[in-house]
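Geometric and topological summary
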Amino acid sequence: MLKGIGLLVLVLLLGVIGFAATKPDHFRIERSIEIQTSAEKVYSVLTDLRQGSTWSPFEKDPGMQRKFSGSETGKGAIYEWEGKEAGVGRMEITETVPFSKIVLKLDFLKPFEAHDIVEYTIASDGKTARLTWAMYGANHYFSKVMSVFCDVDKLVGSEFETGLANLKRILEK
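Residues numbered from 1 in each chain as written. Predicted model: local features only at pLDDT ≥ 70, side-chain atom pairs only at ≥ 80, totals over all residues. Heavy atoms only, no water.

**Remarks on the overall build of the protein chain**
Condition: Strands here are runs of E lasting at least two residues and helices are runs of H or I lasting at least four, both read from the DSSP assignment and numbered beginning at the N terminus. Pairs of residues are marked as contacts when any of their non-hydrogen atoms sit within 4.5 Å. Note on areas: these come from Shrake-Rupley sampling with a 1.4 Å probe, and a residue is covered only by the protein chains present in the view.
The helix and strand tally for the protein chain stands at 4 helices and 7 strands. Secondary structure elements of the protein chain, listed N to C terminal, follow the sequence α-β-α-β-β-β-β-β-β-α-α. C-alpha atoms of the protein chain, sized along the principal axes, occupy 70 × 35 × 25 Å. In the protein chain, of all internal contacts separated by at least 6 residues, the share reaching a separation of at least 24 is 51%. Here the protein chain displays about 10300 Å² of accessible surface, and carbon together with sulfur accounts for 60% of that area.

**Details of the environment of Phe142**
With respect to the helices and strands, Phe142 occurs in helix α3 (residues 141-149). With 115 residues separating them along the chain, Phe142 and Phe27 place their C-alpha atoms 13 Å apart.

**Examining helix α2 (residues 39-46)**
In plain terms, the rule: Between buried and exposed lies partly exposed: a residue is buried under 20% and exposed over 50% of the maximum accessible area for its type, with that area taken using a 1.4 Å probe on protein chains only. Comment: arc refers to directions from the helix axis out to C-beta atoms.
Where α2 is concerned, the buried positions are Ala39, Val42, Tyr43, Val45 and Leu46. Buried residues in α2, looked at end-on, bunch into an arc of 165 degrees, giving them a common side.

**Some thoughts on the nonpolar core**
The following threshold applies: The term nonpolar core refers to a set of buried residues drawn from Ala, Val, Leu, Ile, Met, Phe, Trp, Tyr and Cys, joined through side-chain atoms within 4.5 Å.
Counting residues in hydrophobic clusters, the biggest one holds 30 residues, and the most contacted among them are Val42, Leu46, Ile102, Tyr120, Ile122, Leu131 and Leu167. Contributing elements (two or more residues each) for this core: β1 (26-35), α2, β3 (77-83), β5 (101-110), β6 (114-124), β7 (129-138) and α4 (152-171). Residue contacts for Val42: discarding those within four places in its chain leaves Ile35, Thr37, Ile122, Ala129, Leu131 and Leu171.

**Let's talk about the sheet that holds β3**
Worth spelling out the cut-off: In this scheme, strands are said to pair when DSSP sees at least two bridges between them. The axes are straight lines fitted to the C-alpha atoms, using for helices just the contacting stretch, and the angles between their N-to-C directions are given from 0 to 180°.
The strand order across the open sheet formed by 7 strands is β1-β7-β6-β5-β4-β3-β2, and the pairing between neighbours is antiparallel. Since the sheet does not close on itself, it has two edges, and those belong to β1 and β2 (65-70), each with one partner. Neighbouring strand axes in the sheet, compared pairwise and without regard to direction, differ in orientation by 15 degrees on average. When β6 meets β7, the two strands line up antiparallel, connected through 9 bridges. In the strand pairing of β7, Thr121 is matched with Thr132. α2 contacts β1, β4 (87-97), β5, β6 and β7 of the sheet and is inclined by roughly 160 degrees relative to β6. Running over the sheet, α4 touches β1 and β7 and is turned about 25 degrees from β1.

**Structural notes on the environment of Ser32**
Using the following cut-off: Counting of polar contacts relies on pairs of N or O atoms within 3.5 Å, with two restrictions inside protein: one atom must be capable of donating a hydrogen and the other of accepting it, and residues adjacent in sequence are counted only when both atoms are side-chain atoms.
As for its placement among the helices and strands, Ser32 is situated in strand β1. A residue is classified by how much of its surface remains accessible, and Ser32, at 32% relative accessible area, is partly exposed. Residues Ser32 and Leu164, 132 residues apart in the sequence, show an inter-C-alpha distance of 7.4 Å. Beyond its immediate sequence surroundings of up to four residues, Ser32 is in contact with Arg130, Leu131, Thr132 and Leu164. Separated by 2.7 Å, the side chains of Ser32 and Thr132 make a polar contact.

**Let's talk about the pairing of β2**
Pairing geometry for β2 and β3, over 6 bridges, is antiparallel. Its bridge partner being in β3, Lys67 is matched across the sheet by Glu80. What sits between the antiparallel neighbours β2 and β3 is a turn of 6 residues, in which Gly74 has the positive phi angle 75 degrees.

Dropping the structure here:
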């Protein structure tokens, strides 16, 4: 009986490992929203990392310590955090195209290490800004195994949707 259970567990474990190996080597999570405001206004909020606490869903950790350095806004602006819930990480704006694109290097250090890219793109017709929030990077084996049990796109994407809704509420006032 124990041999049978052990064999079943081994087969299931090998199945998970094998299935995880079929997952893509890269990931991309992306959500968009239309905001009744100018691209300039959206751009000014996103290039000022200090404003993240007003809209970002990742700013919920009440004991989180924050440090800002580098440029005050735009390329070279750096934000580092450490918190019980938020872990330890750093982001830096590495590229900006006025009123249309902001690229950040995102480094998670704890509780797990990951190095990804965040990209905001803004398209505007003058009255409405369409904001797209994307994150992409390497899909390491640990992430592949995790994705067998959890829909990471849905999990992180729902946080992006919350953040975009917060931005919409703030910018349409």
